[in-house]
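The chain contents come next:
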Amino acid sequence: MNNFDKDNKNRGNIILIGMPASGKSTAGVILAKLLGMNFIDTDLVIQQSEEKLLCDIIKERSVEGFLEAEEKAVLSIHPSKAVIATGGSVVYSEAGMKYLRSIGKVIYLKVGKEELFKRLHNIKQRGVVLKAGETPEEMYDNRCALYEKYADITIDETNSSVEDTVEMIVRMIS
Ligand SMILES: Nc1ncnc2c1ncn2[C@@H]1O[C@H](COP(=O)(O)OP(=O)(O)O)[C@@H](O)[C@H]1O
Ligand SMILES: O=C(O)C1=C[C@@H](OP(=O)(O)O)[C@@H](O)[C@H](O)C1
Ligand SMILES: [Mg+2]
């Protein structure tokens, strides 16, 4: 690790990654309040900079266009002491993940497949990124490997409440 990376790691950010509906946004904002930290949801950063809803970006520019906008939004933030809720597809950007890993601790909120698909009943309307020909099950399997690859810490919250999830994160980082 060079000096630049060391300085950035000290910016004290907590970055949440995981499947859509794993609770990054819900648990993230509660965690930020609890710890007196700032909160950033990169989905909102994308919507603000593009002045469009996520689902419209995907509709108009397809999955590839959305992933470009997501990478651009992630690279544009310069947070300190913030909880950052990312979008589930952020792990498709190597540059984005390299940057996020350099500015804080990356926490993977892991949810078992069955529980996740119960929460994700409206996968089409949510605008979840599916690669060409990919089924939701394949998306789950393919992404698990990426979340694991980039995580500093993994928290399994399959049978937990939101409050339990927040508590587990606090325990793991302190
Ligand atoms: N253990 C848990 N941790 C986080 N969220 C949970 C949990 N159990 C159920 N949920 C629910 O799952 C949904 C997660 O949605 P959201 O926060 O938008 O996820 P993401 O930002 O990861 O897509 C919320 O409705 C939340 O109440
Ligand atoms: O996983 C995905 O493909 C996506 C997840 C969404 O964010 P959440 O993970 O917060 O739902 C949002 O970025 C977009 O709809 C794509
Ligand atoms: Mg979210």
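Keep in mind that this is a model prediction, so the values were computed, not measured.

With respect to the overall build of the protein chain
- A tally of regular secondary structure across the protein chain gives 8 helices and 5 strands.
- At 15 Å, the protein chain has a C-alpha radius of gyration in line with the 16 Å of a compact globule built from 174 residues.
- Considered along the principal axes of its C-alpha atoms, the protein chain spans approximately 40 × 35 × 25 Å.
- Long-range pairs, those at least 24 residues apart, make up 73% of the contacts in the protein chain between residues at least 6 apart in sequence.

What about the UniProt feature "binding site: substrate" (unreviewed entry) in the protein chain?
- The feature "binding site: substrate" (unreviewed entry), as annotated in UniProt, sits at Asp43, Gly88 and Arg143 in this numbering.
- By secondary structure assignment, the location of aspartate 43 is in helix H3 (residues 42-50).
- With near-sequence residues (within four places) excluded, aspartate 43 lies in contact with Leu54 and Gly87.
- Within the fold, glycine 88 resides in the loop between strand E3 (82-85) and helix H5 (94-102).
- The contacts of glycine 88, once residues within four sequence positions are left out, are Gly18, Pro20, Lys24, Arg143 and Tyr147.

Here's the deal with the environment of lysine 52
- With respect to the helices, strands and loops of the structure, lysine 52 is situated in the loop between H3 and helix H4 (54-76).
- When the C-alpha positions of lysine 52 and glutamate 134 are compared, they lie 25 Å apart, and in sequence the two are 82 residues distant.
- Excluding anything up to four places from it in sequence, lysine 52 contacts Gln47, Ile57, Glu60 and Arg61.
- Among the polar contacts listed, one links the side chain of lysine 52 to the side chain of glutamate 60, at a separation of 3.3 Å.

Here's the deal with the site of ligand 1
- For ligand 1, the set of nearby residues contains 15 residues, the closest of which are Ala21, Lys24, Ser25, Thr26 and Ser160.
- Within the backbone of glycine 23, a nitrogen or oxygen atom sits 2.9 Å from an oxygen atom of ligand 1.
- At 3.3 Å from a nitrogen atom of ligand 1 is found a side-chain nitrogen or oxygen belonging to arginine 119.
- The protein chains hide 73% of the 570 Å² of surface that ligand 1 would expose on its own.
- Going through the elements one at a time, helix H2 (24-35) and helix H8 (162-173) are the ones with two or more residues in the shell around ligand 1.
- Here the element with the most residues in the shell around ligand 1 is H2; it accounts for 3 residues.
- Counted by class, the shell around ligand 1 contains 4 nonpolar, 7 polar and 4 charged residues.

Topic: the UniProt feature "binding site: Mg(2+)" (unreviewed entry) in the protein chain
- UniProt records the feature "binding site: Mg(2+)" (unreviewed entry) for Ser25 in the present numbering.
- Relative to the assigned elements, serine 25 resides in helix H2.
- Judged by its relative accessible area of 32%, serine 25 is partly exposed.
- When sequence neighbours within four positions are dropped, the list of residues in contact with serine 25 reads Phe39, Asp41 and Ala85.

Some remarks on the nonpolar core
- Ranked by size, the top nonpolar core spans 39 residues in total, and within it Ile17, Phe66 and Met97 carry the most contacts.
- When residues of this core are traced back to their parent elements, those giving at least two are strand E1 (13-17), H3, H4, E3, H5, strand E4 (104-110) and helix H7 (136-150).
- Among the elements that line this core, the one with the most residues is H4, at 9 residues.
- Within the second largest apolar cluster, 14 residues are counted, among which are Leu16, Leu109, Val166 and Met168.

Definitions and limits used
- Residues numbered from 1 in each chain as written.
- Chains lettered and ligands numbered in written order.
- Predicted model: local features only at pLDDT ≥ 70, side-chain atom pairs only at ≥ 80, totals over all residues.
- Heavy atoms only, no water.
- Helix = DSSP H or I, 4+ residues; strand = E, 2+ residues; numbered from the N terminus.
- Rg over C-alpha atoms; globule rule 2.2 N^0.38 Å.
- Contact = heavy atoms within 4.5 Å.
- UniProt positions renumbered as here; feature names shortened; annotations may be inferred.
- Polar contact = N/O pair within 3.5 Å; in protein donor to acceptor, adjacent residues only side chain to side chain.
- Near = heavy atom within 4 Å.
- Areas by Shrake-Rupley, 256 points an atom, 1.4 Å probe, with all protein chains shown as cover.
- Nonpolar A, V, L, I, M, F, W, Y, C, P; charged D, E, K, R; others polar.
- Buried < 20%, exposed > 50% of the residue type's maximum accessible area, 1.4 Å probe, protein only.
- Core = buried A, V, L, I, M, F, W, Y, C linked by side-chain atoms within 4.5 Å.

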